[in-house]
Amino acid sequence: MILDHAYEVITDDIFLRLGDLVPGSEVFLKLEGLNPAGSIKLKAAVSMVEDAEGAGEVLPGGRLIESSSGSLGIALALVATAKGYSFTCVTDPNTSPHSTALMRALGAEVVQVSHRDANGGFLGTRIAYIRERLAAEPDLVWLNQYANPANPRAHETHTATAILSEIARVDHLFVGAGTSGTLMGCLAHFRKHSPATQIIAVDSEGSVTFGHPAGPRHIPGLGTSRRPEICHPQAPDKIIMVPEAEAVRTCRSFARRGIFVGGSTGSVLAAVARMAPDIPENSRVVALSPDLGDRYAQTVYNDDWVARTFGPEALSAGELVGQAGR
């Protein structure tokens, strides 16, 4: 395969079989981190930028701005620099230094807000900063992943289509919810083409996306402190809220098996393990892994950070997830 641009390298057909996670059933982990941007967010980034280009909102040499806790910022930095746009990413203290460094290496301006919003997170503060910049600099274009229909459309067109193409029958699909673009896009496609599939949304405790109480969160990826406009909270068949400490233990457990995944994937796999006793035998389960573990080496996989953030009990990988049984 020969392509002309790095942002065209989207690997949508790689699944890792996890034979022991749900006894008596097949589990497939869809690996989304094997592209030049390192995450599932590359699809949304390309979709939103090209949609803005098609609408005439972004002209040659244009200036883009977006709020991101890491992965989308990296993806947009890659797409923007390849297309000749400048890009400003508004982040917060939960964004890893590694992600910030990657964005800057790709030529992005990175601005970090530091004040928590009314729900204890940073999303409201990030968006308020963007609105201030837009008022002062009218040539800036905010892609607004939280309300932009091109975000879920990317996953309806690519992610969900690829799942049903590779795994013809899917009984349960587990999807982490951040902006909810991936979730909403998969829901739209599966409701049309595989209505029997049960869609399980996975979120972090402390997130308000699905109407749960607000609380502090430390791992970027899942959860919001303000419900995104594209999210329809009643759409999933089931919602599983996972404490971040449980996600950390799950990540560390899978790392001991040579499966190095990011914090969001840890939450998704923890949800699969938790629901395993209720999944009928001979089911086919797909879980989405948004990114890999390299961006979390100094957080989720760092003993000092984990003990300081969640307490020493979170250091133990504990029982291998696949041995949870029925």
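The present account deals with the structure reproduced in this document. (Residues numbered from 1 in each chain as written. Predicted model: local features only at pLDDT ≥ 70, side-chain atom pairs only at ≥ 80, totals over all residues. Heavy atoms only, no water.)

1. Topic: the environment of Arg226
Topologically, Arg226 is positioned in the loop between strand S8 (198–204) and strand S9 (238–242). Contact partners of Arg226, with chain neighbours within four places excluded, come to Leu123, Ile127, Tyr146 and Val208. For Arg226, the side chain forms a polar contact with the side chain of Glu229, separated by 2.5 Å. (Helix = DSSP H or I, 4+ residues; strand = E, 2+ residues; numbered from the N terminus. Contact = heavy atoms within 4.5 Å. Polar contact = N/O pair within 3.5 Å; in protein donor to acceptor, adjacent residues only side chain to side chain.)

2. A closer look at the sheet that holds strand S10 (residues 284–289)
One open sheet accounts for six strands, arranged S1-S2-S10-S7-S8-S9; its pairing is mixed. Across the chains shown, the open sheet's two edge strands, defined by having one partner strand only, are strand S1 (15–17) and S9. Ignoring which end each strand starts from, the neighbouring axes of this sheet average 25° apart. Where strand S7 (residues 172–176) and S8 come together, five bridges link them in parallel fashion. Residue pairing for S8: Val175 is matched across the bridge by Ala201. (Pairing = 2+ DSSP bridges. Axes fitted to C-alpha atoms, helices over the stretch in contact; angles between N-to-C directions.)

3. Looking at the sheet that holds strand S6 (residues 140–142)
Note on sheets: strands pair through backbone hydrogen bonds, and any given pair is parallel or antiparallel. Across the sheet, four strands lie side by side as S5-S4-S3-S6; this open sheet has parallel pairing. Two strands lie at the open edges of the sheet, namely strand S5 (109–112) and S6, each paired on one side alone. Taken pair by pair, the neighbouring strands of this sheet meet at an average axis angle of 25°, ignoring direction. Both strand S3 (residues 63–67) and S6 contribute to a ladder of three bridges, which runs parallel. Along S6, the bridge assignment pairs Leu64 with Val141.

4. A short note on unusual backbone geometry
Not every positive phi belongs to a glycine, and Ser180 is a case in point at roughly 80°. Position of Ser180 among the secondary structure elements: in the loop between S7 and helix H6 (181–193). With relative accessibility at 2%, the residue Ser180 sits in the buried group. For Asn282, which is not glycine, the phi torsion reads 70° and is therefore positive. Within the secondary structure, Asn282 sits in the loop between helix H8 (263–275) and S10. (Buried < 20%, exposed > 50% of the residue type's maximum accessible area, 1.4 Å probe, protein only.)

5. Points about the pattern of salt bridges
Counted by the stated rule, this structure contains 20 salt bridges. For Glu26, the salt bridge is made with Arg284, and the minimal N-O distance between the two is 3.1 Å. A residue pair is termed long-range when its members are at least 10 positions apart, and Glu26 in strand S2 (residues 26–31) and Arg284 in strand S10 qualify at 258 residues. The class of Glu26 is partly exposed, set by a relative accessible area of 30%. Linked through salt bridges whose partners overlap, the residues forming this network are Arg63, Glu109, Arg133, Glu137 and Asp139. (Salt bridge = Lys/Arg side-chain N within 4 Å of Asp/Glu carboxyl O.)

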